[in-house]
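An overview of the molecular structure
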Amino acid sequence: MCNALLKTKSEHFFCSFAIHQTRIVMLTRIKELQQEIEEIAAKSLEEAEELRIKYLSKKGEISKLFEEFRNVSADHKKEIGQAVNTLKEFAVGKINMLKEGLTEQKSSGSGVDLTLPGEPMKLGTRHPISIVRNEILDIFKRLGFVVSEGPEIEDDWHVFSALNFPEDHPARDMQDTFFIQRNPDVLLRTHTSSVQVHDMETQKPPIRTVSPGRVFRNEAISYRAHCMFHQIEGLYIDENVSFADLKQTLLYYARELFGGNAEIRMRPSYFPFTEPSAEVDVSCTICGGKGCNVCKYTGWLEILGCGMVDPNVLEASGIDSKKYTGYAFGMGIERIAMLKFGVNDLRLYFENDIRFLQQFESAN
Ligand code: DAH
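Throughout what follows, the structure given in this document is the object of discussion. (Residues numbered from 1 in each chain as written. Predicted model: local features only at pLDDT ≥ 70, side-chain atom pairs only at ≥ 80, totals over all residues.)

Our focus in this paragraph is the sheet that holds strand E6 (residues 228–238). The 7 strands are arranged E1-E5-E6-E10-E9-E8-E7 in an open sheet whose pairing can be described as mixed. Each having just a single partner strand, strand E1 (146–147) and strand E7 (264–271) make up the two edges of the open sheet. The pairing of E7 with strand E8 (residues 274–283) spans 7 bridges and is classified as antiparallel. The residue bridging Arg 265 from the neighbouring strand is Asp 281, located in E8. Against the sheet, helix H8 (residues 243–258) engages E7, E8, strand E9 (300–309) and strand E10 (325–332), with an angle of about 125° to E7. The strands that helix H10 (residues 333–341) touches are E6, E9 and E10; relative to E6, the one it contacts most, it runs at about 105°. (Pairing = 2+ DSSP bridges. Helix = DSSP H or I, 4+ residues; strand = E, 2+ residues; numbered from the N terminus. Contact = placed C-beta atoms within 7 Å. Axes fitted to C-alpha atoms, helices over the stretch in contact; angles between N-to-C directions.)

Among the structural elements, Met 266 can be located in strand E7. For the pair Met 266 and Trp 300, spaced 34 residues apart in the sequence, the C-alpha separation amounts to 11 Å. Dropping the residues within four chain positions of it, Met 266 is found in contact with Lys 247, Ala 278 and Val 280.

What surrounds the ligand is the set His 191, Ser 193, Glu 233, Phe 271, Thr 274, Gly 305, Cys 306, Gly 307, Ala 328, Phe 329 and Gly 330. Elements with a contribution of two residues or more to the shell around the ligand: E9 and E10. Here the residues of the shell around the ligand are counted per class, giving 4 nonpolar, 6 polar and 1 charged. (Near = placed C-beta within 6 Å. Nonpolar A, V, L, I, M, F, W, Y, C, P; charged D, E, K, R; others polar.)

Within helix H7 (residues 193–202), 7 of the 10 residues are buried, leaving the element largely enclosed by the surrounding structure. Those residues of H7 that sit buried are Ser 193, Ser 194, Val 195, Gln 196, Val 197, Asp 199 and Met 200. On the buried face of H7, the contacting elements are strand E2 (153–155), helix H6 (156–159), strand E5 (207–216), E6 and E10. (Buried ≥ 20, exposed ≤ 12 C-beta atoms within 10 Å, placed from the backbone.)

To continue, consider unusual backbone geometry. In the segment running from Asn 183 into Pro 184, the intervening peptide bond is cis, with an omega of 0°. Structurally, Pro 184 is set in the loop between strand E3 (179–181) and strand E4 (186–188). For the bond running from Glu 275 to Pro 276, omega is -5°, close enough to zero to count as cis. Within the secondary structure, Pro 276 is located in strand E8. We note that Asn 164 has phi near 75°; this positive angle belongs to a residue other than glycine. Its place among the elements puts Asn 164 in the loop between H6 and E3. A residue is classified by how many C-beta atoms lie within 10 Å of it, and Asn 164, with 20 of them, is buried. Phi at Asp 168 takes a positive value of approximately 70°, unusual for a residue other than glycine.

And the structure:
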């Protein structure tokens, strides 16, 4: 070791040479041992113990390094000390791992215990919107409706014009949409009513369809509105279909969905594609009609829009409006799901938060 008593230049030279030499020798040895330990393997616990003795016992290779550490100059102590400690931790970890592996194997023979129960597989759950959609579709299927689906990307004709929205008519403002292309217009459908146009163009009455699907609107996202949501459209066209048929069908639907005591009421409304048109409310599912904060003390909750298909709409799709009449209705699935499950923020449906989705495990 160098100290202040060293007199000559050459003494100093050899001394600092020796300091560097110690550092290099130690680092090289650490590296060698690191590589060696990386490759060690043991076939039995005894072999693993031998390895522990070789590297970690008092006279082991790593302990020797600790002894050697005394000769490291103060300048290099930190660097070498860290390297030796890291090596030791690595060796302890590696040998423990070998021992654990061998102990497990010993207790289970082949290393796999075939008698242990399997890891339970976590099944996903249906999304609440799918649960409610299926439930609604099932109700209408029992009444003889068939499910028909249509494209999400549409032309102006199927979303607006064929449904009696004249160009520049303010009713188009009710459904502000996303255009993919102008002239000719290609757009995301704003409602599933577009599917009834496809059905009327391709089928002959009697037509009895329910059409579920995604729809898009240029809306600011909030707890009650989204730019993407789901609807179900219903359509029934035949000879002598009347408003009374519509009303009875919807009453049956409401009672199947919300329980046998549910009542409905119809309020006059306006849709370009139906005449007359109505908005339908169901008696509040929470208070049964007495009045609470969910129904805002009215006793009623709005669930859908409906009406008798406007003769212009039948004619636009080539159906004789003198011979046939029909009714149509449309509803938002999110809204119904919110009422059924007591969810108060529509955005929850689209955030994929497992904590929310898991709550519907038992619903289906
Ligand atoms: N398409 C309407 C909407 O998205 C809902 C609707 C209302 C559909 C009345 C209908 C209907 O078929 O008759 O707001």
